[in-house]
Amino acid sequence: PNQIQIQHDQALVDFPGVIRFQVDAAASAPIRLVSLRYGTNGRTCEPLSLHQNMIFSPQPELALSWNWYLSQENFYLPPGAQVWWQWLIHTQDEHSLLTERQVVTVEDSHHGWKILETDQIHLEWFEGDFDFGRSLLDRAVQSADRLALETGLQIQEPIRLVVYPDGSSFRTAAPNLPDWTGGAAFPEYGIVLAAVPPGQPDWGNLVIPHEIAHLIIATRVFNCLGSGLPLWFIEGFSKLAEG
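Residues numbered from 1 in each chain as written. Predicted model: local features only at pLDDT ≥ 70, side-chain atom pairs only at ≥ 80, totals over all residues. Heavy atoms only, no water.

**Brief notes about the state of the cysteines**
Here, disulfide denotes a covalent bond that connects the sulfur atoms of two cysteines. Per the stated rule, a full pass over the model turns up one disulfide. In this model, C45 is linked to C224 through a disulfide, with the two sulfur atoms separated by 2.1 Å. Across the S-S bond of C45 and C224 the torsion is about -105 degrees, and the bridge reads as left-handed. Residue C45 is located in the loop between β2 (18-40) and β3 (50-53), and its partner C224 is located in the loop between α3 (201-221) and α4 (231-242); the two are separated by 179 residues in the primary sequence. (Disulfide = S-S within 2.5 Å. Helix = DSSP H or I, 4+ residues; strand = E, 2+ residues; numbered from the N terminus.)

This is the structure we're talking about:
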């Protein structure tokens with residue numbers, strides 16, 4: 001039988017600033033080492049794998065927690081990104097356990113979200129009726145289809161589109177962006193954030209295709225050779241997507 005028992009193991013997200021990891025463990029001998037291993041599902045050349053050794057006095061039963069302060073590290077995770085974690089535990093009598101990897105999705109729980117989706121695009125918004133949401137989703141689908149027809153570049157991974165109704169809520173959700181920002185793409189996670197007031201469909205018709213184009217072209221040219229496209233081309237391509 002396993003000499004180390006996990007009684008409680010979870011990660012709590014307080015978006016956008018902190019993720020709190022908690023573990024309760026018990027063993028037949030004093031536990032001398034507990035190390036948290038964690039990372040994200042972001043697409044990178046070197047998979048993100050971090051670790052944090054916990055500080056405690058050895059004892060048979062432990063209740064430990066550690067906060068990952070994203071805001072202090074200037075490490076932003078958009079809503080929809082995933083965080084994985086597991087614990088490495090050693091006892092003084094040389095038993096060890098590496099827990100199963102678990103995953104938590106970063107969510108902005110400050111709002112009551114509505115959802116519409118197709119096979120390729122998942123839309124979330126919280127102000128405005130379903131006709132408004134349908135218009136956003138239709139615009140996203142139409143722009144992606146037009147890009148595929150005109151350029152041959154298609155959506156290669158599902159896109160998550162998260163729409164805030166104003167600049168204030170948008171900046172609260174993405175505090176690291178400049179105040180003038182009305183939309184942002186996070187290609188490594190396949191996520192777009194946008195600020196689109198329900199009464200301003202014309203703005204949504206511009207910002208949504210623009211940011212989706214950023215995702216599509218970033219996914220297409222991703223490589224680990226250090227090569228990329230010039231900014232004028234990337235922004236020009238996104239302007240083309242606006243129609």
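Next, the rest of the story.
**A few points about the layout of surface pockets**
Taken as a whole, the largest pocket holds about 200 Å³ of empty space. When grouped by side-chain class, the residues that make up the lining of the largest pocket number eight nonpolar, one polar and three charged. (1 Å grid on protein atoms, 1.4 Å probe; cavity = no way out; pocket = protein on both sides within 12 Å on 5 of 7 lines; lining within 4 Å. Points joined across faces, edges and corners; volume = space filled by probe spheres on them. Nonpolar A, V, L, I, M, F, W, Y, C, P; charged D, E, K, R; others polar.)

**Some remarks on empty space enclosed by the protein**
Enumeration according to the criterion identifies one cavity of 30 Å³ or more in this entry. One number sums up the size of the largest cavity: a volume of about 70 Å³. Lining the largest cavity are I155, Q156, E157, P158, I159, P187, G190, L215, I216 and T219. For the lining of the largest cavity, the element with the highest residue contribution is α3, accounting for three residues.

**Focus on helix α1 (residues 130-151)**
It helps to recall that an α-helix has 3.6 residues per turn; residues three or four apart then point in one direction. Here α1 is 22 residues long and its end C-alpha atoms lie 31 Å apart, about the 32 Å a rise of 1.5 Å per residue gives. Of the positions making up α1, those classed as buried are F132, G133, L136, L137, R139, A140, S143, A144 and L147. Down the axis of α1, the buried side of the element spans an arc of 150 degrees, and every buried residue falls inside it. The exposed set on the far side of α1, more than 90 degrees from its buried face, consists of D131 and L149. Residues of α1 that are buried sit in contact with β8 (114-117), β9 (121-125), β10 (159-164), α3 and α4. A distance of 3.2 Å separates the backbone nitrogen of D131 from a side-chain oxygen at the start of α1, and that oxygen is part of D129. Phi turns positive, to about 85 degrees, at G152, one or two residues after α1. (Expected span 1.5 Å × (residues − 1). Buried < 20%, exposed > 50% of the residue type's maximum accessible area, 1.4 Å probe, protein only. Arc of directions from axis to C-beta. Contact = heavy atoms within 4.5 Å. Polar contact = N/O pair within 3.5 Å; in protein donor to acceptor, adjacent residues only side chain to side chain.)

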